[in-house]
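Observations on the three-dimensional arrangement
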Amino acid sequence: MIDFKQLAEKYQTPLYVYDFDSMRTQYTSLKSAFKGRKSILAYAVKANSNLSVVKHFAQLGAGADCVSIGEVRRAFLAGIPKYKIIFSGVGKRDDEIREALERDILYINIESEAELARVEMIAKELDVQARISIRVNPNIDPKTHPYISTGLHDNKFGVDLNTAKRLYIVANNSEHLDPVGIHSHIGSQLTDIKPIREASEIVADLVRSLSAVGIELKFFDIGGGLGVRYDNEETIDPYDYAQAILSTLSGLELTVIGEPGRYLSANAGYFLTKVLYEKKNGDKRFVVVDGAMNDLLRPSLYNAYHKIDALDKEGDETPADIVGPVCESGDFLAKNYLLPKMEHNDLLVIHSAGAYGFGMGSNYNTRGRSAEVAVENGQDRMIRRRETFEDIIALEKEFAE
Ligand SMILES: *Cc1c(COP(=O)(O)O)cnc(C)c1O
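All figures in this text were calculated on a predicted structure; none of them were measured in a lab.

Around the ligand lies a shell of 14 residues, among which Lys46, Ser188, Glu259, Arg262 and Tyr356 are the nearest. Within the side chain of Asp65, one N or O atom sits 3.2 Å away from a nitrogen atom of the ligand. In the environment of the ligand, a nitrogen atom lies 2.6 Å from a nitrogen or oxygen atom belonging to the side chain of Glu259. Protein burial of the ligand: of its 390 Å² of free accessible surface, 93% is covered by the chains. Looking at the shell around the ligand, its residues break down into three nonpolar, six polar and five charged.

The geometry of helix α5 (residues 94-102) relative to helix α6 (residues 113-126) is characterised by a closest axis approach of 10 Å and an angle of 55° between their N-to-C directions. Taken together, the axes of α5 and α6 lie oblique to each other. At the point where α5 passes α6, the crossing takes the right-handed sense. Packed against α5, whose contacting residues are Asp94, Ile97, Arg98, Leu101 and Glu102, the element α6 presents Arg118, Val119, Ile122, Ala123, Glu125 and Leu126 at the interface. Considered class by class, the residues forming the contact of α5 with α6 number six nonpolar, no polar and five charged.

Note that Tyr11 resides in helix α1 (residues 4-11). Its relative accessible area of 12% is what places Tyr11 among the buried residues. In this structure the side chain of Tyr11 is engaged in a polar contact, spanning 2.6 Å, whose partner is the side chain of Asp380.

Turning our eyes to something else, we now look at the pairing of strand β9 (residues 255-258). Residues of β9 alternate between two faces, with Thr255 and Ile257 on one and Val256 and Gly258 on the opposite face, all of them buried. Bridge count for strand β2 (residues 39-44) against β9 is three bridges, and the pairing is parallel. Bridging from a neighbouring strand, Ile40 pairs with Ile257 of β9. By the bridge criterion, three bridges tie strand β8 (residues 219-221) to β9 in an arrangement that is parallel.

One closed barrel holds the eight strands; their spatial order is β2-β3-β4-β5-β6-β7-β8-β9, and the pairing between them is parallel. This sheet shows a mean twist of 30° between the axes of neighbouring strands, independent of strand direction. Contacting β5 (107-110), β6 (130-135) and β7 (177-183), α6 runs over the sheet at an angle of about 150° to β5.

This paragraph deals with the pairing of β7. In terms of burial, β7 is largely enclosed, as six of its seven residues are buried. Looking at chain direction, β6 and β7 are connected through six bridges and run parallel. Within β7, the position partnered with Arg135 by the bridge is His183. Here β7 runs beside β8; their pairing, made up of three bridges, is parallel. Across the sheet, Ile182 pairs through a bridge with Phe220, a residue of β8.

Scoring rules and cut-offs
Residues numbered from 1 in each chain as written. Predicted model: local features only at pLDDT ≥ 70, side-chain atom pairs only at ≥ 80, totals over all residues. Heavy atoms only, no water. Near = heavy atom within 4 Å. Polar contact = N/O pair within 3.5 Å; in protein donor to acceptor, adjacent residues only side chain to side chain. Areas by Shrake-Rupley, 256 points an atom, 1.4 Å probe, with all protein chains shown as cover. Nonpolar A, V, L, I, M, F, W, Y, C, P; charged D, E, K, R; others polar. Axes fitted to C-alpha atoms, helices over the stretch in contact; angles between N-to-C directions. Helix = DSSP H or I, 4+ residues; strand = E, 2+ residues; numbered from the N terminus. Parallel < 35°, antiparallel > 145°, perpendicular 65-115°, else oblique. Left-handed = near helix turned anticlockwise from the far one by under 90°. Contact = heavy atoms within 4.5 Å. Buried < 20%, exposed > 50% of the residue type's maximum accessible area, 1.4 Å probe, protein only. Pairing = 2+ DSSP bridges.

Don't take any of this as a statement about function, it's just geometry.
In structure tokens, the structure reads:
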């Protein structure tokens, strides 16, 4: 058990706390579900990109799925070997493509015909062969939140099947492109296995038809998206997830690449915030806390639910909106959450904050971002210090003097 009270005292609030032991358990459970097949779990760095977190996964043997050159640099800094690093994302700048090629990472995930042409041109300039994978949009409804659904044609991600096939042929005929993989990622927080199996089947069939024309791929990249329990969702067992995918790959000698983010880190993270005061507007009850949307954006952005514990508090519970100090009506951490009467300095522990938490933070309202703390084997350590006012204005100050 993590002593949140003691951590809040030692590091102050608002504060992110990550349970590194839980991250390890999640990684191991998913990795072992794919045993019997060559596989790489390329951690989706965007989910929680703290260097110590990425390093933790590196030490467990993970690769990295990156969506900017900044994330690629993080992966290198954290010690992830280059042959386990993938560069994805719908818009890559020329300088990002160039650096990824110079760093000789495993492959670049291509999301459009125009991007394939850019990569080919830059590879030619550098006189290298760019290993690529094409992101296929299988037009499957993943039945998740529309903001995190990515596998339908009306999303901006990937290319349709026919375009993919044509691009593989283009790539295969190019001196400077080496098509090594195929990629799909239909959405995030997936809790239904059927769309996963369907997408995998569609992509596996494409691999077979490419093989029939002499294009042999090595990597079958299934993306990320495995859902976790925030409230009482039914989630997919990692073993069933692996079986659903592997069952579509019979006869294919492919290394499976997974890109899990949320599954590895969401429920290992907690956001700690202290109560400032209670207030009422008419009948409406508000609990005002020191954490806000600039620390944890998911409730404001997706109307996401996070389980919340009021530490050491008892008594009759009534619904309250838990809101931060930011000057936006959309600044809330929970709506109509049942809480006992709260007092100044009471501590709230917000669960499932380890993915898409700190990373989506900002300095809005000139608020410094929280500190981050890791807990491992019963020991806690700081992995990012709290931002100060000086940090926030550092890039502006000299221009205003
Ligand atoms: C966001 C993303 C992931 C990770 O998604 P999770 O739901 O956190 O597992 C993996 N791959 C790609 C391409 C992504 O955009």
